[in-house]
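# Remarks on the overall topology
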Amino acid sequence: MGTRTHDQEDLTARQPAHTAWHLAVAPMMDWTDRHCRYFHRLLAPHALLYTEMVTAQAVIHGDRERLIGFDAAEHPLALQLGGSEPRELAQAARIGAELGYGEINLNVGCPSDRVQSGRFGACLMREPALVAECVTAMREAVAPLHTAVTVKCRLGVDDQDEDVALAEFVDAVHAGGCDVFVVHARKAWLQGLSPKENRDVPPLNYERVYRLKREHPQLTVIINGGIVGIDETREHLRRVDGVMLGRVAYHEPYRLAEIEHDVFSTPLPDRDEVLLRLRPYVEAHLARGDRLQHISRHILGLYQGLPGARAFRRVLSEQAHRLDAGWEVVERARMARSSERYSGMA
Ligand SMILES: Cc1cc2nc3c(=O)[nH]c(=O)nc-3n(C[C@H](O)[C@H](O)[C@H](O)COP(=O)(O)O)c2cc1C
């Protein structure tokens, strides 16, 4: 890859300030759908939220409202795309930018078989030149809308040397016009591990991500993988530009509020109040024919760690799937939690 053109430099200047990436919630397939993101937004007003990965082809040919529709309250919001065909990715990126997504992120980290057979996700760590081409095409397509194009990657795959592989990848993709890298701080082992195992088994190497930032201070580097607490987040933010939380934000969503509070000094919301603020959203979606369960499944962990958390979860799990389930089920879950809490104290 050669040096960057003037046009590319101009595009860089229009990207949002790097502080936008201080705190993010990871793209998580089947989890971070629009309902989940709306709920997370109530807990963390400034965190950058990512969609689940959607393939470029699905964006182009699929039901857009269902796949990538969102509520304005979800901003700042990034659309994650999967693919490796530059023209398709460019077209999908343009569609996302026109819909109002502030960032289009390319997935170079997902290790599932389904993804590998389509030649995208983590296996693209082996094809930096192709990823650079994709990024260039996406940037050109969204430039008039001032939308950022970013990449989420791993340290490498399989037997790649994670020092060399990450350096070569980032150099090439940066030359293609990407200045923002979200790095899941472990390799993906494409042979022999399930996607789930690939989030836990290959060892984390935060130091490698810190070094990336030290060696490329002009890049925006966001670290991801295994980060669950306030102190760790602070430590990472001293070395890189941002922290991305995945599973902890889903399973223990109040942690997200606590970390947001620490990073941005946002007032810490009360959990019951978060529920009350969710109510109009839930009722509007129920009125449109959505099922309660599709929203309530994301809030099961709201009281995680507090007395009565199990009762809250149980009532929602047992009752929210009913066809006629309405807000009263959430209210019942909240009451069940209070009673269990008080009976526990007796
Ligand atoms: C259920 C689930 C689905 C995921 N789907 C995606 C995805 O669509 N795109 C992606 O880049 N990463 C995906 N990931 C990986 C996360 O974005 C993140 O990199 C990973 O969970 C490590 O962060 P954590 O340790 O904070 O959870 C997924 C993870 C989970 C648990």
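The structure presented is a predicted model; accordingly, all values stated were derived computationally and were not measured.

Definitions and limits used
- Residues numbered from 1 in each chain as written.
- Predicted model: local features only at pLDDT ≥ 70, side-chain atom pairs only at ≥ 80, totals over all residues.
- Near = placed C-beta within 6 Å.
- Helix = DSSP H or I, 4+ residues; strand = E, 2+ residues; numbered from the N terminus.
- Nonpolar A, V, L, I, M, F, W, Y, C, P; charged D, E, K, R; others polar.
- Domains from an automatic or database assignment.
- Contact = placed C-beta atoms within 7 Å.
- Buried ≥ 20, exposed ≤ 12 C-beta atoms within 10 Å, placed from the backbone.
- Axes fitted to C-alpha atoms, helices over the stretch in contact; angles between N-to-C directions.
- Parallel < 35°, antiparallel > 145°, perpendicular 65-115°, else oblique.
- Left-handed = near helix turned anticlockwise from the far one by under 90°.

With that out of the way, let us pick up the site of the ligand. Neighbouring the ligand are 23 residues; Ala-26, Met-28, Met-53, Gly-246 and Arg-247 lie closest to it. Among the secondary structure elements, those contributing two or more residues to the shell around the ligand are β2 (48-55) and α11 (247-251). Residues belonging to the shell around the ligand are distributed by class as follows: 10 nonpolar, 8 polar and 5 charged.

Assigned domains within the protein chain: domain 1 (6-264) and domain 2 (271-342). Computed over C-alpha atoms only, the centres of domain 1 and domain 2 are separated by 30 Å. Between domain 1 and domain 2, the contact holds 10 residues from the first and 13 residues from the second. Broken down by secondary-structure element, the contributors of at least two residues to the side of domain 1 that touches domain 2 are α2 (34-43) and α12 (253-264). Here the residues of the side of domain 1 that touches domain 2 sort into 7 nonpolar, 2 polar and 1 charged.

Relative to the elements of secondary structure, Cys-134 occurs in helix α7 (residues 128-142). Overall, the presence of 31 C-beta atoms within 10 Å leaves Cys-134 in the buried class. Every residue in contact with Cys-134, bar those within four places of it in the chain, is listed here: Ser-84, Pro-86, Leu-89 and Leu-106.

Two elements in contact, helix α10 (residues 230-237) and α12, have axes whose closest approach is 10 Å; the angle formed by their N-to-C orientations is 40°. Compared by their axis directions, α10 and α12 come out oblique. The two elements α10 and α12 cross, and the hand of that crossing is right-handed. Counted together, Ile-230, Thr-233 and Arg-234 of α10 and Glu-258, Ile-259, Asp-262 and Val-263 of α12 form the full contact between these two elements.

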